[in-house]
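# What the coordinates show
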Amino acid sequence: MSQHHDVNDEQIQKHTSIYNEYINDPATQAELARIDTVDVINYDGIHIKTVLAYISILLLCFAQLTNIVGAGAVSDPESWADKDLF
Amino acid sequence: MWLSQAIVLLTVVLGPIVSQAADFWGRKWFLVVLTCFGMVGSIVVSRATSMGMAIAGEVICGFTYGAQPLLYAVASEILPRQYRPAAQGGINAALGAGGLFGLLGGSALMKTYDEGFRIYWYIVAGLMALSSLTLSILFNPVPRPLQISLTTREKLARLDWVAYFFLTTGIVLFVIALSWAENPYPWRSVQVVVPLVIGGLLLVALIIHQVWFRTDGLIHHGLFKMNRNFALALFILFVDGLSFFAANQYYSFEVGILYETDPFRIGLRYSIAFFGSIVGSLAVAVYASIRKTVRFPIVLSFLMFTLFYGMSHILIL
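Read on for an overview of the structure. (Residues numbered from 1 in each chain as written. Chains lettered and ligands numbered in written order. Predicted model: local features only at pLDDT ≥ 70, side-chain atom pairs only at ≥ 80, totals over all residues. Heavy atoms only, no water.)

### Side note on unusual backbone geometry
Residue and element names in this part refer to chain B. Just so we agree on the cut-off: Numbering of helices and strands runs from the N terminus, with a helix taken as a DSSP run of H or I at least four residues long and a strand as a DSSP run of E at least two residues long.
Residues Asn183 and Pro184 are joined by a peptide bond in cis, for which omega reads 10°. With respect to the secondary-structure elements, Pro184 resides in the loop between α9 (161-180) and α10 (190-213). A positive phi is found at Lys292, a non-glycine position, where the angle reads about 60°. In this fold, Lys292 is placed in the loop between α13 (263-291) and α14 (295-313).

Shown next, in the form of structure tokens:
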């Protein structure tokens, strides 16, 4: 997978060890809501790539709601039928 | 009604499955590929020559919403904890802006052109294509531990296939029965009773399976054992979704019957909700960032939901 190409073994080991430590320690289970950011899986520091990824997520949110509203409130099958569109 | 119902159905059915699978295979390609379905579905709707074809297009679009839960997860995962309220607020504001654009732009297109809906769905297809493209280029997360430590066979074995079967078949049959009841078939007809009973039984089987036979499957017991917050959040989201889709489906219809005939003015009335959601999302993001709590904004927003639906009930014509 192309996602893997810029990840070295050290990073993988670090994330895996954090995860294993976390899931195997019952004490940390109770702290799920308060887990530190640096321990969150996939968090890799805030930089321009992170901001761009976030903006692309916002764009998808925008597109999804445009679609939902289009299928619901905007679409009026009765008027489509009245205008003999199909 | 089936146009928007297709989206709701696929969101309910695919959301939990995709969310679980994304823990094993990563978020990226679920987001990218499922968003492509939105583009294809929108093109099908835009070229529809029958209502059946338009509904089929929306079904294809519905696959996009299987990845909807990932949007919130990704925003939380890629940004530092201190920015999370702002990140979630930004997502809600973007959703509100999309709703606003869809309502005002869409209703203006419907009003101006006889076949304005086709232009609208071209625009949606373009937005979906752009979203998929930007995600494929810009979103490159570090692989999750389970993504690299498990083989494909192990990943497939960890998925809760029994639950997926009960959930998918149960929900679809149950919803079809409710949709057909009294329109076009009477409640007591075979077409309504059979899917209603079988769908209901399959959903009961899902509950039994998840409570007694699988503790780490689709509904992981660990999420409910820590405290009541997760269960409360699920209930709140259920009511939130119910309220949104009720308004999305019926508010414009109601206004069109009772007060307005101009599609743009109908859209304008409903759009007030989205103006409110944008302002509200940003205000809550600021509040939550400063106060580190979301209880008060949630209580306030649900009081406003209650007020809206209460006042809708006593409309004066």
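Now that the structure has been shown, we can carry on.
### Side note on helix α1 (residues 2-25) of chain B
What counts here: How far a helix is expected to stretch is found by multiplying one less than its residue total by 1.5 Å.
End to end, α1(B) covers 32 Å across 24 residues, agreeing with the expected 34 Å (1.5 Å per residue, within 8%). After α1(B) finishes, the residue B:Gly26 shows a positive phi value of roughly 90°.

### As for the nonpolar core
The test is simple: The nonpolar core is taken to be a set of buried Ala, Val, Leu, Ile, Met, Phe, Trp, Tyr and Cys residues, with the residues joined through side-chain atoms within 4.5 Å. Exposed residues in this analysis have more than 50% of their type's maximum accessible area, buried residues have under 20%, and partly exposed residues fall in between, with area computed by a 1.4 Å probe over protein chains only.
A:Ile57 and B:Leu31 are the most contacted members of the largest nonpolar core, which totals 52 residues. Where this core is concerned, the elements lending two or more residues are α3 (48-74) of chain A together with α1, α2 (28-46), α4 (68-78), α5 (84-112), α6 (116-138) and α13 of chain B. Listed in part, the 17 residues of the second largest apolar core include B:Val13, B:Ala21, B:Ala163 and B:Leu203.

### Notes on the pattern of salt bridges
Residues and elements named next belong to chain B. To keep things clear, this is the line we draw: Here a salt bridge means any side-chain nitrogen of Lys or Arg lying within 4 Å of a carboxyl oxygen belonging to Asp or Glu.
Taken as a whole and judged by the stated rule, the model has ten salt bridges over all chains. Between Glu77 and Arg27 there is a salt bridge, with the nearest N and O atoms lying 2.4 Å from each other. With Glu77 in helix α4 and Arg27 in the loop between α1 and α2, the pair connects residues that are 50 residues apart, well separated along the chain. For the pair Glu77 and Arg27, one class covers both residues: buried. For Glu115, the salt bridge is made with Arg118, and the minimal N-O distance between the two is 2.4 Å. Taking relative accessible area as the criterion, Glu115 reaches 36% and is therefore assigned partly exposed. Its relative accessible area of 10% is what places Arg118 among the buried residues. One network of salt bridges, with partners in common, ties together Asp23, Arg27, Glu77 and Arg144.

Everything listed is a geometric property; what it means functionally is a separate question.
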